[in-house]
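# Summary of structural features
Each chain is listed here by its residues.
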Amino acid sequence: MLGNISGLDKEAVLLAKKELDSKMKPQGSLGVLEKIAIQMAGIYGYPVKQIEKKCHIVASADNGVIEEGISSCPIEYTKIVSEAMLNKIAAIGILTKRLGVEFNLVDIGIASSIPREYPNLYRKNVKKGTNNFYKEPAMSREECLKAIKVGMDLIEEKGDGIVVFSNGEMGIGNTSTSSAVLYSFTKKDIDSIVGRGGGLSDSGLIKKKKIIVESCEKYNTFDMDPIDVLAHVGGLDIACMVGMYLGCVKYRKLMLVDGFISAVGALVAYKIEPLVKDFILATHMSEEPGMKIVLDEIGKQAFLNMEMRLGEGTGAVLTYPMLECAIDIINTMKKPTEVYDLFSK
């Protein structure tokens, strides 16, 4: 699937670290900014060039499990909010417009088609919403693999020049699918994994946890490979994001991880190919309770805590200016000797 791949360029990493350590500052004093610059050098080579293009991709899909009454929103919201994104009146559309980030949306599994045409809409619908995984597997393994390939192909298609990617999702019920995937991988206490999503009531939350536990036990997802877990209790939006992460390894691009659902997609991809860890940057700590468990599983830390839980990639895109600042630091900050020569005359 990925062919001949490799992790970070170790020589470029060392050169970037050496350059940062020589700057007019205590070593490591710029923290995450230095880590970002070093990681980008490892991906793109040293010296690090400025980011010419920034690309955000939202994967939209419906989830049949909402038939069980475990979502506070109706299924129609997936299509409605997706179209609002495309018209830049939903949160992610507004933020990407303000930040100068190219926005794209891929219909990977919306139950009802978006009626209008948009230049940044990719119609790649694999299935008109997944099956209700409480009753039957969400999708076939072949459908899951097809959605993963769509994500990989998008990275290839959009990846000309130095492109940093971010992703997001839209799909009513997808905190249930992502929680089921995480529970399958970890079998951690269900209360520490499952949150209220879009705002479930206490009784709705209890039911959501029950359905996730019973479904995973019925299929014994704990002993499955990552793709089969995703096919049984996951979603097409997550599968598409898995493909994006794998595509970033294959085509050597940095992917900014958003919140809980995006991070679960990163975990699935990491389980498939551990080198994914080198090509992702965890951005913000989602308010969903399972977020910490996901990041611990991958061995990553998020550096922003903004009390966000909307999804769509809203937290991830806010870090693009930080990436640009990190590159400016390594490229333009002076060394002590250079400063002395400038101001001692």
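Placed above this text is the structure.
All residue numbers refer to position in the chain's written sequence, counted from 1. Totals for whole chains, interfaces and linings use every residue, but because this is a predicted model, local features are given only for residues with pLDDT of at least 70 and side-chain atom pairs only at 80 or more, for both listing and counting. No hydrogens and no water enter the side-chain calculation; it runs on all heavy atoms of the structure.

### Points about the nonpolar core
Buried Ala, Val, Leu, Ile, Met, Phe, Trp, Tyr and Cys residues form a nonpolar core when they are joined through side-chain atoms within 4.5 Å. Exposure classes here rest on a 1.4 Å probe applied to the protein chains alone. A residue is buried below 20% of its type maximum, exposed above 50%, and partly exposed in between. With 110 residues, the main nonpolar core has Met40, Met85, Ile108, Tyr245 and Leu323 as its most contacted residues. If one sorts the elements of this core by residue count, helix α9 (residues 236-250) sits on top with eleven residues. For this analysis, residues touch if any pair of their heavy atoms sits within 4.5 Å. Residues in contact with Met85, not counting those within four places in the same chain, are Val58, Ala90, Ile92, Gly93, Phe103, Leu105, Glu169, Met170 and Glu312. Note on conventions: DSSP H or I runs of at least 4 residues are helices, E runs of at least 2 residues are strands, and numbering of each starts at the N terminus.

### Concerning the state of the cysteines
Sulfur atoms of two cysteines make up a disulfide when they are within 2.5 Å. Taken as a whole, this structure holds zero disulfides when the rule is applied. Cys240 takes part in no disulfide bond, and the closest cysteine sulfur, belonging to Cys144, lies 11 Å away. Accessibility expressed as a relative area gives 0% for Cys240, which makes it buried. Of all cysteine sulfurs in the structure, the one in Cys55 sits closest to Cys248, which takes part in no disulfide; the separation is 9.6 Å.

### Structural notes on the side chain of Asp258
Counting through the fold element by element, Asp258 comes out in the loop between β5 (254-257) and α10 (260-272). For the charge count, each Lys or Arg is scored as positive and each Asp or Glu as negative, with His and the chain ends excluded. Should a side-chain nitrogen of Lys or Arg be within 4 Å of a carboxyl oxygen of Asp or Glu, the pair is scored as a salt bridge. In this structure, Asp258 is buried with no salt-bridge partner, the nearest side chain bearing the opposite charge being Arg309 at 12 Å. Think of a polar contact as two N or O atoms within 3.5 Å of one another; within protein, one of them needs to be a possible hydrogen donor and the other a possible acceptor, and neighboring residues in sequence only count if both atoms come from side chains. Polar contacts involving the side chain of Asp258 include one to the side chain of His284, which spans 3.0 Å. Looking at Asp258, its side chain comes within polar contact range of the main-chain nitrogen of Gly313, at 3.2 Å.

### Quick word on the pattern of salt bridges
Taken as a whole, this structure holds 16 salt bridges when the rule is applied. A salt bridge links Glu19 to Lys23, with the nearest nitrogen and oxygen atoms 3.0 Å apart. Looking at Glu19, the relative accessible area reads 17%, which means it is buried. Where Asp296 meets Lys292, a salt bridge forms, and the shortest distance between an N and an O atom there is 2.9 Å. Taken together, the residues Asp296 and Lys292, both in helix α11 (residues 291-298) and four residues apart, mark about one turn of the helix. Here the two residues Asp296 and Lys292 agree in accessibility, since each one is exposed. Residues joined by salt bridges that share partners form a network here, namely Glu19, Lys23 and Lys335.

### Quick look at the packing of helix α8 (residues 226-233) against α10
Lines fitted to C-alpha atoms define the axes here, with helix axes fitted over just the stretch in contact, and angles between the N-to-C directions of these axes take values from 0 to 180 degrees. For the pair α8 and α10, the least separation of the axes is 9 Å and the interaxial angle reads 145°. Contacts between α8 and α10 involve Pro226, Ile227 and Leu230 from the former and Val268, Lys271 and Ile272 from the latter.

### Description of the sheet that holds strand β4 (residues 163-170)
We call two strands paired when DSSP finds no fewer than two bridges between them. Spatial ordering of the open sheet is given by β3-β2-β1-β4-β5-β6, a layout of six strands whose pairing is parallel. This sheet does not close on itself; its edge strands, each paired only once, are β3 (121-123) and β6 (280-282). Averaged over all pairs of adjacent strands, the angle between their axes in this sheet comes to 25°, without regard to strand direction. Judged from the three bridges that link them, β4 and β5 form a sheet pairing that is parallel. Looking at β5, one finds that Val164 is bridged to Leu254. Along the sheet, α9 contacts β1 (53-61), β2 (102-109), β4, β5 and β6; its crossing angle with β4, the most-contacted strand, is approximately 170°.

### Some details on unusual backbone geometry
Cis geometry is adopted by the peptide bond preceding Pro47, which originates at Tyr46 and carries an omega value of 0°. Unlike most non-glycine residues, Asn220 shows phi in positive territory, near 55°. As for its position among the elements, Asn220 is in the loop between α7 (202-219) and α8. Judged by its relative accessible area of 33%, Asn220 is partly exposed. Positive phi, normally seen in glycine, also occurs at Arg252, with a value near 55°. Secondary-structure assignment places Arg252 in the loop between α9 and β5. By relative accessible area, Arg252 is classed as partly exposed at 23%.

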